[in-house]
Amino acid sequence: MSRWKRPSVTLVVCALLTLVAVFAFMGMLAVFVAQSAPVWRSEGWSFFTQKQWFYRQQLFGIAPMLYGTVVVAAVALLVATPAGIGTAVFASEFLPRRARLAVKVAIELLAGIPSVVYGLLGIVLLRDWIYRALQPFDPLSGDTLLTAGLLVGVMLLPTLMTLSDDALRSVPASQRLAARGLGLTATETALRVTLPQAWPGLLGALLLAGGRALGEMIAVFLVVGRQDNQWPESLLSLRPMAEAGQTLSSKLGGPEINIAYGDPLHWAAMVALGLVLLVLVATLTLAGTLIRRRKPHAP
Amino acid sequence: MRRRLTDIAFRTATGLCACVACGLLVVIVWAICQRGWPALSWRFFTEQIRLVGADGGIFYNVLGTGILVLTALAVSAPLATAIALVQAVYLRGRPLGAMLGLFLQVLNGVPSLLFGLIGMIVFVQALGWGKSWLIGGLVLGFMILPTVCVALVERIAALPSRYVEAAAGLGLRRSQIIRSVILPQTKGGLITGSLLGLARAAGETAPIMFTATVFAGATVPRGVSESPVLSLPYHIFILSQDSFDPAVVTKVWGAALTLLALVCSLSLIALPARLKNHEEANNV
Amino acid sequence: MSDSAASILRLENVSVVAGAKPILRGVTLDVPEGSVFGLIGPSGVGKSTLLKCCNRLTDLIPGLRVEGSITFRGQSVLGRRIDADALRAKIGILFQQPAVFPRSIMANVLFGVSHLGSVPRRELPMVAERALREVALWDEVKDRLTSSAIYLSVGQQQRLCLARTLATNPDVILMDEPTSALDPQASEVIEQLILRLRGPRSVVIVTHNFAQARRVCDRVARLALVHNIGTVVEIGNPAIVAAATREEE
């Protein structure tokens, strides 16, 4: 019915720039896949299951790094989840508006502290504390998976708190009022009305925070010890917590990447680390975002 | 009675969490200020690094970080504006617009290290630029794209529809409405988002360590290829790894305090607008 | 006065201040036990706030200060040492918009009472049935007690909220314009329920609808703005107060 309208310059420019951004990201993915292809061809699935990484012998197995990454992220979440969600519950359910904003400002500032500063604090303070606290387990140094996990946990706190607060605030005030009107205490209202309705948001917050924990490099790099091929005797053993380890990101951020460029297979293995990290984090982020978008089902 | 005790116990427990969180901020800021303050002096900011960080100042580090951050701003502002307009105006309410939003969220989650890696693969190696401030700016600009974009999209979505309708009622075309109504009304969102993005970019080490920054031996870049800069985060990163010399330790805390002050002041300027947006979005 | 001996709620010289701005001043009224007491007046006069004072829901609004004396069965309501949560179980409230929880119908009805611990667990189904019968919802929902309450119509949801309040067995039910979100038929059902509640329970109802006040209330208090502050200007028989108001307008 309508004749074809010439698209405006604004539209064309906007669309072009958007496509540039989208294709740059796709290009990034493509480069990772292409550059890591040799190691997939030569190692296949054993890339994930091999417990040894000796580039001089052309052995590329990332199982110990996956283990280190998971342990660090798990410790971080274990520390940050109760504290972050607890803070969010306290701020959104018990504090009057002004005090709540004050807490949020403090948390935003905490979120703004650069990771290298956290790393510095970790090196100078946390590492010594952990070394002293772990004396009964006879650690070699304060650089352990536990140290890295605790440090990342502190870094996750603001993320978790902000996202959880959003989730809790999205439960309508009328629901809380109705529960209070029935004679429930503020605690019962929080536990029985607000938290059950906010759970998608809270779960999403956990997943997003988990994604951040996997990808954090600088702070982990400085305190994790960067010890290759640390595979625990038992997956359930807590002993490796008190030992140095290596994570995907600390390996990738280390000086080895400069050596790797000369050897195609080694280089491919390094890029593959990046690809694995990207896929892991993107999956968690995507899942977290989608779950968070589910609005609480309330009138 | 039991209910009351539970109530008090729960309040206390969550309150303690909040105290721990706020206490952490105090402890961290105090720890940095206490150690970094003695290093701060006029010379610290005006001199260049000497004796591998044990003497001299951080002038070129601050300058380098400034260059990187401003380049990132120049990269991210136009891209973010374009994406925000496409998402919140041209594709408003369409599935493709939602997908674009999702794309931004995923981009936001990508570890900054990987941005550095891709910058290294494409620019440093494939294009043969070597380390350059421009690569750092590009990489950082891309990294903060979601931050800037989301702030702008939120602002556009919050724009009262009567503005747009009034303009449309006057017979303006969509591109004219964008230029005369939407962009002027939402530039606050662009500024807020940019400040937050810059705060993030200024503190990042991972994306620039392979692509743009060196520890020593660079001043003002004179070209693009093989022209790295110094930077505050990388300075701290390197020095903190062998911080046994007391002179170095003082200097590195001074640098950390400077970086912290820079980042916090950037995000504090953006804070009021950001809090207001969040509170309104959840109609408190 | 014989009237005051049987009053269940008594407000004496109640004032409410929000920050620095006075909202209500010098409100004194008696709610006789077993009656339906109406609060009428133009919007913005503080009727809802006055209602929420009676069970301390005003505590939840930051910056609101309530002064004067409110007694429930001769016991002070406003004291700091009073357990406001226990009080709210005895003085229930029904809001303008029904706020059902996104759970099953059964869970909604029992939501309050199951926390109060006043009823043994095995008797809960009976309590639910009695409450649902009391609001004439039993026959409509008895076959789908476990399905979600959010799919009920707004009128049904409002009755469910009333049942939820009744299940906790309150002495007084506060109602904040309970029919203004409903269509005429659903409103009529609620009005009939109010008339049936009278006697064993007392009701305080806020309404801006004089016809409704005449139909359901035994006594009404008319609030108006005096020097921009809400206060009670007249208490009496609903027909007379409403008629007088009409003449004034």
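A. Structural detail: the overall build of chain C. Tallying secondary structure elements over chain C gives 11 helices and 10 strands in all. Here the C-alpha radius of gyration of chain C, 18 Å, is about what a compact globule of 249 residues would show, namely 18 Å. Taken over the C-alpha atoms alone, chain C extends approximately 55 × 45 × 35 Å along its principal axes. Taking all 249 residues of chain C together, 53% fall into the buried category. Counting only contacts in chain C whose residues sit at least 6 apart along the sequence, the fraction spanning at least 24 positions is 67%. Of the accessible surface of chain C, which amounts to about 11100 Å², a share of 49% is contributed by carbon and sulfur atoms. Of the side chains in chain C, 29 bear a positive and 25 a negative charge, and the two mean positions are spaced by 5 Å.

B. Summary view of the overall build of chain B. A count of helices and strands for chain B gives 12 helices and 2 strands. When the helices and strands of chain B are placed in sequence order, the string is α-α-β-β-α-α-α-α-α-α-α-α-α-α. Counting only C-alpha atoms, chain B reaches 70 × 65 × 35 Å along its principal axes. Buried residues in chain B amount to 56% of all 284 residues. Long-range contacts, defined here as pairs at least 24 residues apart, represent 75% of the contacts in chain B between residues at least 6 apart. As presented, chain B carries roughly 12300 Å² of accessible surface, and 67% of it is formed by carbon and sulfur atoms. Seen as two clouds, the 21 positive and the 11 negative side-chain charges of chain B have centres 10 Å apart.

C. Fine view of the side chain of Gln-156 of chain C. Considering the arrangement of structural elements, one finds Gln-156 of chain C in helix α8 (residues 154-167). Among residues more than four places away in sequence, those in contact with Gln-156 of chain C are Leu-137, Glu-140 and Arg-144 of chain C.

D. Inspection of the environment of Pro-95 of chain B at higher detail. Residue and element names in this part refer to chain B. Here Pro-95 lies in helix α4 (residues 95-109). Under the relative-accessibility criterion, Pro-95 is labelled exposed at 64%. For the pair Pro-95 and Ala-151, spaced 56 residues apart in sequence, the C-alpha to C-alpha distance is 20 Å.

E. Main features of the pattern of salt bridges. With the rule as written, the count across this model stands at 25 salt bridges over all chains. Salt-bridge contacts for Glu-243 of chain A lead to Arg-239 of chain A; the nearest nitrogen and oxygen are separated by 3.1 Å. Among the residues examined, Glu-243 of chain A registers a relative accessible area of 28% and is labelled partly exposed. Linking Arg-65 of chain C and Glu-67 of chain C is a salt bridge whose minimum nitrogen-to-oxygen distance equals 3.2 Å. Through salt bridges with shared partners, one network takes in Arg-180 of chain A together with Arg-56, Asp-59, Asp-85 and Arg-88 of chain C.

F. Local environment of the domain arrangement of chain B. Residues and elements named next belong to chain B. Looking at the assigned domains, one finds that chain B contains domain 1 (1-39) and domain 2 (42-281). Facing the 7 residues of domain 1 at the interface are 8 residues of domain 2. Across the domain 1/domain 2 interface, buried area totals approximately 680 Å², and carbon plus sulfur atoms make up 86% of it. For the domain 1 face of the interface with domain 2, the top three residues by lost area are Ile-32, Arg-35 and Ala-39, together amounting to 69%. Taken together, the connections running from domain 1 to domain 2 amount to 0 salt bridges. Between the two partners, domain 1 and domain 2, sit 0 residue pairs in polar contact (both at pLDDT 80 or more). In the side of domain 1 that touches domain 2, the residues fall into 5 nonpolar, 1 polar and 1 charged.

G. Here's a closer look at empty space enclosed by the protein. Within the structure shown, the criterion is met by 4 cavities of 30 Å³ or more. By volume, the largest cavity is sized at about 60 Å³. For the largest cavity, the full set of lining residues is Ala-178, Gly-181 and Leu-182 of chain A together with Ile-93, Leu-94, Phe-95, Gln-97, Pro-98, Ala-99, Cys-161, Arg-164 and Thr-165 of chain C. For the lining of the largest cavity, the secondary-structure elements that each account for two or more residues are α7 (173-181) of chain A together with β6 (91-94) and α8 of chain C. Approximately 50 Å³ is the volume attributed to the second largest cavity. Around the second largest cavity, the lining residues are Leu-9, Leu-11, Leu-29, Val-31, Leu-39, Leu-50, Leu-51, Cys-54 and Val-204 of chain C. Of all the secondary structure elements, the ones that give two or more residues to the lining of the second largest cavity are β1 (7-18), β2 (21-32) and α2 (47-53) of chain C.

H. Spatial organisation of the layout of surface pockets. What the second largest pocket holds in volume is close to 1400 Å³. Lining the second largest pocket are 38 residues, and of these Glu-93 and Arg-180 of chain A together with Asp-59, Leu-60 and Ile-61 of chain C sit closest to its centre. Only α3 (63-94), α4 (97-112), α7 and α8 (186-215) of chain A, α1 (2-36) of chain B together with α3 (84-90) of chain C provide two or more residues apiece to the lining of the second largest pocket. At 5 residues, the largest contribution of residues to the lining of the second largest pocket is made by α7 of chain A.

I. Focus on the interface of chain A and chain B. In this complex, chain A contributes 83 residues to the contact, which on the side of chain B involves 75 residues. Of the roughly 6900 Å² buried where chain A meets chain B, counting both sides, 78% is carbon and sulfur surface. If you look at where chain A meets chain B, you find 1 salt bridge. The interface formed by chain A and chain B contains 5 residue pairs in polar contact (both at pLDDT 80 or more). Per-element accounting of the side of chain A that touches chain B gives the leading share, 14 residues, to helix α1 (residues 9-43) of chain A. Broken down by class, the residue content of the side of chain A that touches chain B amounts to 54 nonpolar, 19 polar and 10 charged.

J. The pairing of strand β9 (residues 219-226) of chain C, seen in detail. All names here are of chain C. Where strand β3 (residues 36-40) meets β9, 4 bridges bridge the pair, whose relative direction is parallel. Residue pairing in the sheet places Phe-37 in a bridge with Arg-219 of β9. Where β9 meets strand β10 (residues 229-236), 7 bridges bridge the pair, whose relative direction is antiparallel. The residue bridging Leu-225 from the neighbouring strand is Gly-230, located in β10. Hairpin connection from β9 to β10: 2 residues lie between these consecutive antiparallel strands, with His-227 at a positive phi of about 50°.

K. Structural context of the pairing of β6 of chain C. Residue and element names in this part refer to chain C. Neither face of β6 is left uncovered, since the one carrying Ile-91 and Ile-93 and the one carrying Gly-92 and Leu-94 both have all their residues buried. As paired strands, β6 and strand β7 (residues 172-176) are joined by 4 bridges and run parallel to one another. For Gly-92, the partnering residue across the bridge sits in β7 and is Ile-173.

L. Here's a closer look at a nonpolar patch on the surface. A cluster of nonpolar residues, Leu-19, Phe-23 and Met-26 of chain A, forms a patch on the protein surface that exposes about 310 Å² of accessible area. Position of Leu-19 of chain A among the secondary structure elements: in helix α1.

What counts as what
Residues numbered from 1 in each chain as written. Chains lettered and ligands numbered in written order. Predicted model: local features only at pLDDT ≥ 70, side-chain atom pairs only at ≥ 80, totals over all residues. Heavy atoms only, no water. Helix = DSSP H or I, 4+ residues; strand = E, 2+ residues; numbered from the N terminus. Rg over C-alpha atoms; globule rule 2.2 N^0.38 Å. Buried < 20%, exposed > 50% of the residue type's maximum accessible area, 1.4 Å probe, protein only. Contact = heavy atoms within 4.5 Å. Areas by Shrake-Rupley, 256 points an atom, 1.4 Å probe, with all protein chains shown as cover. Lys, Arg positive; Asp, Glu negative; His and termini not counted. Charge placed at Lys NZ, Arg CZ, Asp CG, Glu CD. Salt bridge = Lys/Arg side-chain N within 4 Å of Asp/Glu carboxyl O. Domains from an automatic or database assignment. Buried area = accessible area lost by both parts, 1.4 Å probe. Polar contact = N/O pair within 3.5 Å; in protein donor to acceptor, adjacent residues only side chain to side chain. Nonpolar A, V, L, I, M, F, W, Y, C, P; charged D, E, K, R; others polar. 1 Å grid on protein atoms, 1.4 Å probe; cavity = no way out; pocket = protein on both sides within 12 Å on 5 of 7 lines; lining within 4 Å. Points joined across faces, edges and corners; volume = space filled by probe spheres on them. Pairing = 2+ DSSP bridges. Patch = residues over 30% accessible without salt bridge, like charges linked within 9 Å, V, L, I, M, F, W, Y side chains within 5 Å.

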